[in-house]
Amino acid sequence: MPWEECNVEDERLRFVARRLDGEAMAALCREFGISRKTGHKIFNRYKETGLEGLTDRSRRPYRHANQLPFQIESLIVTIKQDYPGWGAPKIRERLRRLYPDVHTPAISTVHAVLDRNGLVPRGPKRRRNKATGTERHHVEEPNQLWCADYKGEFMLADKRYCYPLTITDYASRFVIACDALPTTKERFAFTVFERAFKDFGLPDTIRTDNGVPFASPNSLFNLSKLSVWWLRLGINIERIQPGCPQQNGRHERMHLTLKKEATRPAGDNFLQQQDKFDDFVDRFNRERPHQGIDMKIPAELYRPSQRAYRGLPEIDYPLHDRTVTITTCGRICIGKLKVNVSQVFAGQAVGIKQVADSIWLVSFMHYDLGFFDDQTCRLEPVANPFEVRNVLPMSRE
């Protein structure tokens, strides 16, 4: 006898039909394996909306936290179009008078809406020296793009987990670093990258995934202290799309070889495992031919970067009103004014410039971060300047 096929909506209809025939709610709920609360909810939805009440409802939230309703955003744009000479403070006051029962957004929020819709006039842009690696997808030369990632953790013979941090040069396949680490915490990653920068110089761009410590899911623009440090050094950040490891395909292919040749069997401890990694790096760079580079050896193609690592350069903001250092708790403090930015910028200098009445723009290097006003003291982020880039799919090894 074949299985009887049914779906949730059919079961709800059967439940309602038997309830309409007069069967007791408690007995029906026991038979259908649901609570009486769920049974009453199903039956009440049927009485309110008929058969439509038995279909699955969307689980999407009615609104997202801190997201301005689109109706309010449309009103802000309309008011600006009706009064082109008005700024955010006047538009906010107009909105408050027209709709006193609606929660009025902050001045900085109104200004951010105007900025997103191209309704904020901007002066001539300052010419900046940007690294060319940010716009280049077809990488041709060494050090234009480095790739970094953690190979999946594995257990050593002493029952401790090892998290290998690997860095490769995209064009030449040269392995820059392969370090056996006990954790993915960023303080260990700082040490590995600083040694790599001292030994090989600075790349134009570093490509990573969106995981810790390369990115931080809860910080401004998903930046981390590590990626902010890269930006300070003049290194552009490039992230693959979430769930698409094939976009870092050359690096992942190296991981397969690393796993096969240097982790089976695993070392007895971190020192022995690091010896295995060092031997692997030497063979991979100086002995192993690669089909993807016409059977050449990575050491034949790679050369150190001409951009030497000399520590963090000074930052100045000559076109801003003032320079402020972010506190350890991630704030801008000007007198009694305290504006939360992000702890990943702690200790970094940012520029502040007044762009309208009671509206200030916050910039880090040549990146605009957001606006704040002197009433709410809340940073309203601008469009993300570090959007995920479309990168090349996995290439043949």
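In this text, all values refer to a predicted model and were calculated from it rather than measured experimentally.

Draft legend 1. Representation of the overall build of the protein chain within the structure. When its secondary structure is counted, the protein chain shows 11 helices and 13 strands. Looking at the protein chain residue by residue over its 397 residues, the buried ones come to 42%. For the protein chain, long-range pairs separated by at least 24 residues make up 60% of all intrachain contacts whose partners lie at least 6 apart in sequence. Per element, the accessible surface of the protein chain, about 23100 Å² overall, is 48% carbon and sulfur.

Draft legend 2. Up close: unusual backbone geometry. Of note, the amide linkage connecting Val212 to Pro213 takes the cis form, showing an omega dihedral of 5°. At the junction of Arg264 and Pro265, the peptide bond is cis and its omega measures out at 0° in the coordinates. In this fold, Pro265 is placed in the loop between helix H9 (249–262) and helix H10 (270–286). Of note in this structure, Asn222 is not a glycine but carries a positive phi near 60°. Mapped onto the elements of the fold, Asn222 is located in the loop between strand S5 (205–208) and helix H8 (225–232). Of the residues examined, Asn222 reaches a relative accessible area of 32% and is grouped as partly exposed. In this structure, Met295 takes a positive phi of about 60° despite not being glycine. Mapped onto the elements, Met295 comes out in the loop between H10 and helix H11 (298–301).

Draft legend 3. Representation of the sheet that holds strand S12 (residues 367–373). The antiparallel open sheet is built from five strands, whose spatial order is S7-S10-S11-S12-S13. Two strands lie at the open edges of the sheet, namely strand S7 (322–325) and strand S13 (380–381), each paired on one side alone. Two strands pair when backbone bridges link them, and strand S11 (residues 359–364) and S12 are joined in this way by six bridges, in the antiparallel orientation. Along S12, the bridge assignment pairs Ser363 with Asp368.

Draft legend 4. Representation of the pairing of strand S10 (residues 349–356). With four bridges joining them, S7 and S10 adopt antiparallel strand pairing. Residue pairing across strands places Thr325 opposite Ala349, the latter belonging to S10. Pairing between S10 and S11: five bridges, direction antiparallel. Pairing of Ala356 across the sheet is with Ile359, part of S11. From the end of S10 to the start of S11, which pair antiparallel, there are two residues, and Ser358 there has a positive phi angle of about 65°.

Draft legend 5. Examining the environment of Lys159 more closely. On the secondary structure map, Lys159 appears in the loop between strand S2 (154–155) and strand S3 (161–169). Counting along the chain gives 110 residues from Lys159 to Asn269, while the straight-line C-alpha distance between them is 8.7 Å.

Draft legend 6. Representation of the environment of Lys259 in the model. Here Lys259 is to be found in helix H9. Separated by 108 residues in the primary sequence, Lys259 and Lys151 have C-alpha atoms spaced 8.4 Å apart. Not counting chain neighbours up to four residues away, the residues in contact with Lys259 comprise Lys151 and Arg264.

Draft legend 7. Looking closely at the packing of helix H5 (residues 88–98) against helix H6 (residues 107–116). Two elements in contact, H5 and H6, have axes separated by 9 Å at closest approach and are oriented at 110°. In terms of their interaxial angle, H5 and H6 are classed as roughly perpendicular. Packed against H5, whose contacting residues are Ala88, Pro89, Ile91 and Arg92, the element H6 presents Ile107, Val110, His111 and Leu114 at the interface. Counted by class, the contact of H5 with H6 contains six nonpolar, one polar and one charged residues.

Draft legend 8. Inspection of the packing of H9 against H10 at higher detail. Axis separation between H9 and H10 bottoms out at 10 Å; the angle between their running directions is 125°. Of the possible angle classes, the one that applies to H9 and H10 is oblique. Note on packing geometry: the crossing formed by H9 with H10 is right-handed. The residues of H10 that touch H9, namely those facing Met254, Thr257, Leu258, Glu261 and Ala262, are Gln273, Lys276, Phe277, Phe280, Arg283 and Phe284. Of the residues contributing to the contact of H9 with H10, the split by class is six nonpolar, two polar and three charged.

Draft legend 9. Here's a closer look at the packing of aromatic side chains. The final tally for this structure, using the stated rule, is 16 aromatic pairs. Aromatic side chains Phe174 and Tyr302 sit 4.6 Å apart centroid to centroid with 10° between the ring planes, which places their arrangement in the stacked category. In this pair, Phe174 is assigned in the loop between S3 and strand S4 (175–181) and Tyr302 in the loop between H11 and S7, connecting sequence segments 128 residues apart. Like Tyr302, Phe174 is buried. Centre to centre, the rings of Phe345 and Phe364 are 5.2 Å apart; their planes meet at 70°, and the pair counts as edge-to-face. Of this pair, Phe345 sits in the loop between strand S9 (337–340) and S10 while Phe364 sits in strand S11; the two residues are 19 residues apart in sequence, bridging distant segments of the chain. Among the aromatic residues, those joined into a ring-pair cluster are Trp146, Tyr150, Phe190, Phe193, Phe197, Phe214, Trp229, Trp230 and Tyr309. Here the basic side chain of Arg19 rests over the ring of Phe43, its NZ or CZ set 5.7 Å away from the ring centre. One residue, Arg250, lies across the ring of Tyr170, its end atom 4.0 Å from the ring centre.

Calculation criteria
Within each chain, residue numbers correspond to sequence positions counted from 1 in written order. pLDDT decides what is reported in this predicted model: residues at 70 or higher carry local features, side-chain atom pairs at 80 or more are listed and counted, and totals for whole chains, interfaces and linings draw on all residues regardless. To get the side-chain values, all heavy atoms of the structure are used, and hydrogens and water are removed first. Helix and strand assignments come from DSSP, with helices taken as H or I runs of at least 4 residues and strands as E runs of at least 2, each series counted from the N terminus. Throughout, exposure labels follow a simple rule: accessible area from a 1.4 Å probe, protein chains only, divided by the maximum for the residue type, with under 20% read as buried, over 50% as exposed, and the rest as partly exposed. Two residues form a contact once any of their heavy atoms are found within 4.5 Å. Surface accessibility follows the Shrake-Rupley procedure with a 1.4 Å probe radius. Residue values consider only the protein chains on display as shielding. For two strands to be treated as a pair, DSSP must find at least two bridges joining them. What counts as an axis is a line fitted to C-alpha atoms, over the stretch in contact for a helix, and the angles between N-to-C directions run from 0 to 180 degrees. The cut-offs work like this: below 35 degrees is roughly parallel, past 145 is roughly antiparallel, 65 to 115 is roughly perpendicular, and the gaps in between are oblique. The residue classification treats Ala, Val, Leu, Ile, Met, Phe, Trp, Tyr, Cys and Pro as nonpolar and Asp, Glu, Lys and Arg as charged. All others, Gly included, are polar. Should the near helix be turned counterclockwise from the far one by less than a right angle, the crossing is left-handed, whereas a clockwise turn marks it as right-handed. When the centres of two rings from Phe, Tyr and Trp lie within 6.5 Å, Trp using its six-membered ring, the rings pair. Their planes under 30 degrees apart give stacked, over 60 give edge-to-face, and anything left gives tilted. Sitting over a ring, as applied to charges here, requires NZ of Lys or CZ of Arg to be within 6 Å of the ring centre and within 35 degrees of the ring normal.

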